[in-house]
Amino acid sequence: MSIGCELLLERIFSKVDQIPTFPKVALKALELLRKEEVDYRELEGIIKGDPGIASNFLKIVNSALYSLPRKVDSLSQAFMYLGVDQIKFILLASAVGRYFDRPMIGYGINAKDLWIHSIACGIAGELITLKLGFSQSFKEKVYFACLLHDIGKIILDLYTKLEVEEFKRSMKENQDYSFMQIEWLLLGVDHGLIGSELLRRWEFPEDIVFAIRAHHDETLMLQRKLSAIVALANVVANLVGLYSGIDSFYYYLPEDLCTFLELSSEDLMNISLQTLKNALTIDKILG
């Protein structure tokens with residue numbers, strides 16, 4: 001990282017105080033869920049410590065995605081119907097929702113749509129890891145990285161106050177550029193780098209930090225399975241229409257991304273269709 005870029009990052013992070021750290025309630029609950037024997041009464045008490053996360057949890061669990069026999073109005077009821085892995089995903093999605101409480105003017109997208117896009121990315125990431133047979137611990141890292149992959153946009157939107165028309169003008173004048181290159185041209189940094197720096201400061205695992213950095217960088221994403229999965233999951237979420245930002249289709253991907261992950265075109269089609277179906281059921285209840 002250049003000295004100039006480091007100075008820019010410091011200026012940005014010295015002014016951005018509206019981004020709260022990742023909720024300790026979610027991290028504590030995840031730690032409990034990693035135990036062989038989960039104390040669900042203790043888990044309920046932990047999650048209730050953050051009313052926003054608890055509320056989002058119940059909204060998501062009551063979506064058609066989980067096909068519960070009846071609507072649940074308490075965490076204890078929800079736990080009766082869910083497996084540990086499902087609880088982890090809903091918990092993470094619920095925690096991430098707090099960051100999407102305002103529209104991002106520069107990127108031309110409202111808060112709810114970005115949250116749904118992030119959840120869709122997480123769903124796609126889960127489907128990819130299931131297809132490839134990765135471990136539960138690896139899948140959890142995929143959840144984290146997918147759900148937080150665009151958090152850098154929130155910071156840049158807060159810091160730069162760019163209007164969407166500035167992006168549109170630059171995109172029109174530089175039609176051979178990827179959107180990441182447009183960000184560097186206008187801002188001197190891209191949202192992947194900003195997001196990874198935020199997660200590094202939050203002391204997230206290095207491989208998750210790297211995946212956030214690499215998810216739009218074709219020179220980096222093929223270096224690790226985690227970053228490749230996040231990059232592909234993001235593409236899937238875009239292709240099925242679960243993102244309406246101005247940058248939806250302005251990125252380049254290595255042609256051999258699916259080959260690197262050993263996925264066929266049929267695999268990709270099935271993952272895309274299931275992602276769309278699952279994400280739309282959540283979208284309806286989040287209203």
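So, how was this worked out
Residues numbered from 1 in each chain as written. Predicted model: local features only at pLDDT ≥ 70, side-chain atom pairs only at ≥ 80, totals over all residues. Heavy atoms only, no water. Helix = DSSP H or I, 4+ residues; strand = E, 2+ residues; numbered from the N terminus. Rg over C-alpha atoms; globule rule 2.2 N^0.38 Å. Buried < 20%, exposed > 50% of the residue type's maximum accessible area, 1.4 Å probe, protein only. Areas by Shrake-Rupley, 256 points an atom, 1.4 Å probe, with all protein chains shown as cover. Contact = heavy atoms within 4.5 Å. Expected span 1.5 Å × (residues − 1). Phe/Tyr/Trp six-rings, centres within 6.5 Å; stacked < 30°, edge-to-face > 60°. Lys NZ or Arg CZ within 6 Å of the ring centre and 35° of its normal. Arc of directions from axis to C-beta. Axes fitted to C-alpha atoms, helices over the stretch in contact; angles between N-to-C directions. Parallel < 35°, antiparallel > 145°, perpendicular 65-115°, else oblique. Left-handed = near helix turned anticlockwise from the far one by under 90°. Nonpolar A, V, L, I, M, F, W, Y, C, P; charged D, E, K, R; others polar. Core = buried A, V, L, I, M, F, W, Y, C linked by side-chain atoms within 4.5 Å.

(A) Region of interest: the overall build of the protein chain. Scanning the protein chain for helices and strands turns up 16 helices and zero strands. A globule of 287 residues ought to have a C-alpha radius of gyration of about 19 Å, and the protein chain, at 19 Å, matches this closely. In terms of overall dimensions, the protein chain has a C-alpha envelope of 55 × 45 × 35 Å along the principal axes. With 287 residues in all, the protein chain has 57% of them scored as buried. Summed over its atoms, the accessible surface of the protein chain is roughly 13,100 Å², and 52% of this surface lies on carbon and sulfur atoms.

(B) Representation of the side chain of K153 in the model. Along the chain, the position of K153 falls in helix 9 (residues 151–160). What makes K153 buried here is its relative accessible area of 1%. Contact partners of K153, with chain neighbours within four places excluded, come to M104, Y107, H191, Y243, D247 and Y251.

(C) A look at helix 8 (residues 136–147). Counted at 1.5 Å a residue, the expected span for helix 8 with its twelve residues is 16 Å, and the 16 Å between its end C-alpha atoms agrees. Of all twelve residues that make up helix 8, nine are buried, and the element is covered over most of its length. As for helix 8, its buried residues are in contact with helix 2 (24–33), helix 6 (84–96), helix 7 (111–132), helix 13 (206–214) and helix 14 (225–239).

(D) Main features of the packing of aromatic side chains. Going through the model one piece at a time under the given rule, you end up with 14 aromatic pairs. Pairing F22 with Y99 gives two aromatic rings, centres 6.5 Å apart and planes at 20°, and the pair type is stacked. Linking F22 in the loop between helix 1 (3–15) and helix 2 with Y99 in the loop between helix 6 and helix 7, this pair joins segments that are 77 residues apart in sequence. By way of ring pairs, the aromatic residues F22, Y99, F144, W202 and F204 are connected into one cluster. Between K225 and the ring centre of F260, over which it is positioned, the NZ or CZ distance is 4.5 Å.

(E) Just helix 10 (residues 164–173), in detail. Along helix 10, the residues that are buried comprise V164, F167, S170 and M171. Along the long axis of helix 10, the arc covered by the buried residues comes to 130°, so they all point the same way. Of the exposed residues in helix 10, those oriented more than 90 degrees away from the buried face are K172 and E173. Considering only its buried residues, helix 10 is in contact with helix 11 (179–187).

(F) Highlighting the packing of helix 7 against helix 8. Running from N to C, helix 7 and helix 8 cross one another at 155°; their axes reach a closest spacing of 8 Å. Taken as axis vectors, helix 7 and helix 8 run roughly antiparallel relative to one another. Seen along the crossing, helix 7 lies across helix 8 with a hand that is right-handed. Contacts from S118, I119, C121, G122, G125, E126, T129 and L130 of helix 7 reach helix 8 at F138, K139, V142, Y143, C146 and L147. In terms of residue class, the contact of helix 7 with helix 8 is built from eight nonpolar, four polar and two charged.

(G) Representation of the nonpolar core within the structure. Counting 108 residues, the largest nonpolar core has F22 and F57 as the members making the most contacts within it. The element that contributes the greatest number of residues to this core is helix 7, accounting for eleven residues. The residues contacting F22, other than those within four sequence positions of it, are L27, L92, A95, V96, Y99, F144, L148, W202 and F204.

(H) How the structure looks around the environment of V38. Locating V38 in the fold gives a position in the loop between helix 2 and helix 3 (40–48). According to the relative accessible area criterion, V38 is buried, its value standing at 16%. The spacing of V38 and V84 is 46 residues in sequence and 8.6 Å in space, taken between C-alpha atoms. For V38, the contacting residues outside a window of four places in its chain are L32, L33 and V84.

(I) Representation of the side chain of S118 in the model. Note on placement: S118 falls in helix 7. Setting aside anything within four residues of it in sequence, one finds S118 in contact with F100, C146, L147 and H149.

(J) Structural context of the environment of N56. Counting through the fold element by element, N56 comes out in helix 4 (residues 51–61). Residues N56 and K131 lie 75 residues apart in sequence; the distance between their C-alpha atoms is 28 Å.

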